[in-house]
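Residues per chain are reported as follows:
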Amino acid sequence: MANATTMRPLISLALPEKGAARLAGQLLLAVAGTLLLILSAKTKVMLGPVDISMQTLAVFLIAASFGMRLGVATLLLYMAEGALGLPVFQSTPEKGIGIAYMLGSTGGYLVGFVVMAAIVGWAADRGWDRHPIKLFNAMLVAEIVMMAMGFAWLALLIGPEKSWQFGVLPFIVGDLIKVALAASLVPAVWSLLKRS
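So, the overall build of the chain
Consideration 1: Helix and strand counts for the chain stand at nine helices and two strands.
Consideration 2: Ordered by position in the sequence, the α and β elements of the chain form the string α-α-β-β-α-α-α-α-α-α-α.
Consideration 3: The dimensions of the chain, computed from C-alpha atoms along their principal axes, are 50 × 35 × 25 Å.
Consideration 4: Looking at the 196 residues of the chain, the share that counts as buried comes to 44%.
Consideration 5: Considering only contacts within the chain whose residues lie at least 6 apart along the sequence, 69% involve residues at least 24 apart.
Consideration 6: Element-wise, carbon and sulfur atoms account for 75% of the exposed surface of the chain, whose accessible area totals about 10,100 Å².

Here we look at the nonpolar core
Consideration 1: Counting 45 residues, the largest nonpolar core has F60, L75, M79, F89, V120 and M139 as its most contacted members.
Consideration 2: Setting aside chain neighbours within four positions, we find M79 in contact with F89, M102, L110, F113 and V114.

As for unusual backbone geometry
Consideration 1: Here the residue pair T92 and P93 is connected by a cis peptide bond, since its omega of 5° sits within 30 degrees of zero.
Consideration 2: As for its placement among the helices and strands, P93 is situated in the loop between α4 (68–83) and α5 (98–102).
Consideration 3: Unusually for a residue other than glycine, S91 sits at a positive phi of about 65°.
Consideration 4: For S91, a relative accessible area of 7% gives the class buried.

Some remarks on the packing of aromatic side chains
Consideration 1: Following the criterion strictly, the structure yields four aromatic pairs and no others.
Consideration 2: Taking the centre distance of 5.7 Å and the plane angle of 75° together, the rings of W122 and W128 count as edge-to-face.
Consideration 3: Here W122 falls in the partly exposed class, since its relative accessible area comes to 36%.
Consideration 4: The exposure class assigned to W128 is partly exposed, which follows from its relative accessible area of 28%.

Re the side chain of E143
Consideration 1: Note that E143 resides in helix α7 (residues 132–158).
Consideration 2: It is K178 that comes nearest to the buried, bridge-free E143 among opposite-charge side chains, at 7.0 Å.
Consideration 3: Not counting the four nearest positions on each side in its chain, E143 is found in contact with T56, F60, M116, D175 and V179.

Considering the environment of S53
Consideration 1: Structurally, S53 is set in strand β2 (residues 50–53).
Consideration 2: Residues S53 and G174 lie 121 residues apart in sequence; the distance between their C-alpha atoms is 9.5 Å.
Consideration 3: With residues up to four places along the chain from it excluded, the contact list for S53 reads S40, A41, T43, K44, Q90 and K178.
Consideration 4: Polar contacts involving the side chain of S53 include one to the main-chain amide nitrogen of Q55, which spans 3.1 Å.

Regarding the confidence of the model for the chain
Consideration 1: This prediction gives the chain a mean pLDDT of 90; 94% of its residues lie at or above 70.
Consideration 2: Here residues 1–5 is a poorly scored stretch, pLDDT under 50, and it has one contact once near neighbours within four places are set aside; other chains count.

Points about the pattern of salt bridges
It is possible for side chains of opposite charge to pair when their charged atoms get near one another.
Consideration 1: Per the stated rule, a full pass over the model turns up three salt bridges.
Consideration 2: A salt bridge links R130 to D129, with the nearest nitrogen and oxygen atoms 2.5 Å apart.
Consideration 3: According to the relative accessible area criterion, R130 is buried, its value standing at 15%.
Consideration 4: A salt bridge links D175 to K178; its shortest N-O distance comes to 3.1 Å. Residue D175 and its partner K178 are located together in helix α9 (residues 172–195), separated by three residues, close to a single helical turn. Each member of the pair, D175 as well as K178, is classed as buried.

Conventions used here
Residues numbered from 1 in each chain as written. Predicted model: local features only at pLDDT ≥ 70, side-chain atom pairs only at ≥ 80, totals over all residues. Heavy atoms only, no water. Helix = DSSP H or I, 4+ residues; strand = E, 2+ residues; numbered from the N terminus. Buried < 20%, exposed > 50% of the residue type's maximum accessible area, 1.4 Å probe, protein only. Contact = heavy atoms within 4.5 Å. Areas by Shrake-Rupley, 256 points an atom, 1.4 Å probe, with all protein chains shown as cover. Core = buried A, V, L, I, M, F, W, Y, C linked by side-chain atoms within 4.5 Å. Phe/Tyr/Trp six-rings, centres within 6.5 Å; stacked < 30°, edge-to-face > 60°. Lys, Arg positive; Asp, Glu negative; His and termini not counted. Salt bridge = Lys/Arg side-chain N within 4 Å of Asp/Glu carboxyl O. Polar contact = N/O pair within 3.5 Å; in protein donor to acceptor, adjacent residues only side chain to side chain. pLDDT = per-residue confidence, 0-100.

See the structure below:
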């Protein structure tokens, strides 16, 4: 039983064990997670020809804190909000909304966010969220997979050379910083909880 407790994601400590109260808590967390994703999408740093958002950092933190099931559910809820035409994504409504926006240049990255949440959430469910190096490695793998998905989709639209130049290269340093930051924050919270 002690082993099951140590392998729960961080947010499990704040949720009731079972029943309607747990389900309601999870629903509220998923909605709160989508609000964080929207805020992070709209927070942009201009670096050259591209906008860099804080969205990958938000995905990392949600997945590492919520675990795989709730993390993926939160990302799927966010995608559903976007598909319904709500301006939840970066550069919406300026560059379109709904399914049309999702099938545009960012489509591969959006799907990649869901996969990223699954990878990082899976690691958190196994206790890797307590160890900065293990969590960093899981997040780095998730980042590479997400970028590969985004690159592949963008390459279909504009070709591989431009996809690399505009869809991957400008984001490498910023995303590595976000991986390192997220991989430090979640284990730090665990450490604080152990002390209290």
